[in-house]
Each structure stands twice: as C-alpha cells, then as structure tokens.
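A structural walkthrough
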Amino acid sequence: MVRRPIRHIEGTRGTILEAALRLFDEHGFRDTSMSALADEAGVGAGTIYRHFENKEDLVEELYEAAREEAHRSVLNMGFDEGAPVRDRLYTTWRAVILNYIDCPRLYRFILKYESSAYLRAKRRAQTEDLRAPFRQIYEDGVAQGLFAPLPESVYASFFTGALSHLVQEHLNDGLALDDEMIDRTFEMLWAAYTSEGAPPE
C-alpha cells in the first residue's frame, strides 16, 4: 500500500494538494495550469478556487503542509529533545532518509520550493516550529563546542545537499541506502559537522 504523501489533510482540500504535489513534481510550478490540476484532482476548477485564492496561494499551502508532514515523520521516528546532539542529529538524518525514500515527491517539492527563484520573493510559509528541532541541534552543537560557529544555513546545506543526492542515487538504483549505509553516511556528516572537521576561524 502506497503511503499518502500528506496524511494530515483530509477531504477535497487534501485531494487537491496531493494532485498538485504530483503535477508540480512532474511539470514544475509554472507549467502546471489550474485546469490541469482540476483534472488531476477530479474536481471542477471552481472547486479549487473555493479552497485556494490562486496558484501561488495553493503552492504556499502545499509547502506548509509538506513541511509539517516531514516534521511529523521525524518526531514519529522517536526524536528525543533531551538526547545528546549526536543522537538527535542521527535520528533526524535517518528519519528524513527513510521518509524521503518512502515519499520522494514530498521531499523533492520541499527542496524545489526552497530553492525556487520564482517563489523566493513571495511570502514564505515557514512556521518556526517546523525548523525548531534542527535549529536546536545546531545551537546546542555550537554552544557545546561541537560545531564551529558558522551560520545555521551552512549546516542545513550540508545536511540537505548530501541527503538529497544520496536518496536520488538510491531511487535511481545506484546506491543501496540500507541500515549500514545510513550509519556510514551519518558518520561522514558528523565528521563534516564537528569542530575537528570544520575550517578554522
């Protein structure tokens, strides 16, 4: 049974968002028309406009829903806010990899949205609590002298860049991301994150 990519939104609104996720993944934001979206969702165009003001409004809500689903998946993997920095980072790494493999469109959409020049100047629907676990790992790592005091975005880029390439290799049958490989790649991430592997100030 295929997992629904956005499980916490039910009804017509959820159906529209999941149809949008499929089309945006296949055709991109600009090349997905509202009429095509209505056909994919199996609803009338008027129904979409009863739920969303326009395409940009729909894209932003889809991003917020996708981030929330990704956040839930990490917490459901047993994330412990009181655990050591290394354990929290490992739980996040493993959870995101496994959920990315399980629902690649969701994560590709998140990455595509966050790097999109088309949407960069628009209102960013980034609820602070969705980033809180990673931000706290970063802040605690710096405070404890584990990480060099570089901007948080540097650490986030290492995390998402390495992870997305690894998962895409796995999905393209180029790399088996089994438990052993997840652990080994995490060791590489940890080496890059820790102060010993960081560039001197």
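Report on the accompanying structure. Just so we're clear, the structure is a prediction, and the values are computed from it rather than from any experiment.

Summed over all chains, the structure comprises 15 aromatic pairs. With 6.2 Å between their ring centres and 45° between their planes, phenylalanine 109 and tyrosine 113 make a pair best called tilted. Taken together, the residues phenylalanine 109 and tyrosine 113, both in helix α6 (residues 104-114) and 4 residues apart, mark about one turn of the helix. The exposure class assigned to phenylalanine 109 is buried, which follows from its relative accessible area of 3%. Grouped by ring-pair contacts, the aromatic residues Tyr90, Tyr138, Phe147, Tyr155, Phe186, Trp190 and Tyr193 constitute a single cluster.

You can see arginine 88 is positioned in helix α5 (residues 85-102). Note on arginine 88: relative accessible area 4%, which makes it buried. When residues no more than four places from it in sequence are discounted, the contact partners of arginine 88 are Phe79, Asp80, Glu81, Ala83, Gln136, Ile137 and Asp140.

In this section: the packing of helix α1 (residues 11-27) against α6. Two numbers describe how α1 lies on α6: the axes approach to 10 Å, and their chain directions differ by 65°. When you trace α1 past α6, the crossing you get is left-handed. Contacts from Leu21, Arg22, Phe24, Asp25 and Glu26 in α1 reach Arg105, Leu106, Arg108, Phe109 and Lys112 in α6. Taken together, the residues of the contact of α1 with α6 break down into 4 nonpolar, no polar and 6 charged.

Look at aspartate 173: it is not a glycine, yet its phi comes out positive at around 65°. Following the sequence through the fold, aspartate 173 ends up in the loop between α9 (152-171) and α10 (179-193).

Bringing the nonpolar core into the picture now. Grouped together as the largest cluster of nonpolar side chains are 54 residues, with contacts concentrated most on Leu37, Leu58, Leu89, Trp93, Phe109 and Phe159. Considering every element that reaches this core, the biggest residue donor is helix α4 (residues 55-76), with 8 residues. Beyond its immediate chain neighbours, meaning those up to four positions away, leucine 89 contacts Phe134, Ile137, Phe159, Phe186, Leu189, Trp190 and Tyr193.

Inspection of the secondary structure puts alanine 38 in helix α2 (residues 34-41). Spatially, the C-alpha atom of alanine 38 lies 9.1 Å from that of alanine 20, the residues being 18 residues apart in sequence. Other than its neighbours up to four places away in sequence, alanine 38 contacts Val43, Gly44, Ala45 and Ile48.

A few words now on the pattern of salt bridges. Tallied over the entire structure, the rule returns 10 salt bridges. Its salt-bridge partner being glutamate 187, residue arginine 86 comes within 2.4 Å of it at the nearest N-O pair. Placement of the pair is arginine 86 in helix α5 and glutamate 187 in helix α10, with a sequence separation of 101 residues. Between arginine 135 and glutamate 152 there is a salt bridge, and its shortest N-O distance comes to 3.2 Å. Remark: glutamate 152 occurs in helix α9 and arginine 135 occurs in helix α8 (residues 128-143); sequence separation between them is 17 residues. Judged by its relative accessible area of 22%, arginine 135 falls in the partly exposed class. One continuous salt-bridge network, built from bridges that share partners, spans Asp25, Glu26, Arg105 and Arg108.

About the thresholds
- Residues numbered from 1 in each chain as written.
- Predicted model: local features only at pLDDT ≥ 70, side-chain atom pairs only at ≥ 80, totals over all residues.
- Heavy atoms only, no water.
- Phe/Tyr/Trp six-rings, centres within 6.5 Å; stacked < 30°, edge-to-face > 60°.
- Helix = DSSP H or I, 4+ residues; strand = E, 2+ residues; numbered from the N terminus.
- Buried < 20%, exposed > 50% of the residue type's maximum accessible area, 1.4 Å probe, protein only.
- Contact = heavy atoms within 4.5 Å.
- Axes fitted to C-alpha atoms, helices over the stretch in contact; angles between N-to-C directions.
- Left-handed = near helix turned anticlockwise from the far one by under 90°.
- Nonpolar A, V, L, I, M, F, W, Y, C, P; charged D, E, K, R; others polar.
- Core = buried A, V, L, I, M, F, W, Y, C linked by side-chain atoms within 4.5 Å.
- Salt bridge = Lys/Arg side-chain N within 4 Å of Asp/Glu carboxyl O.

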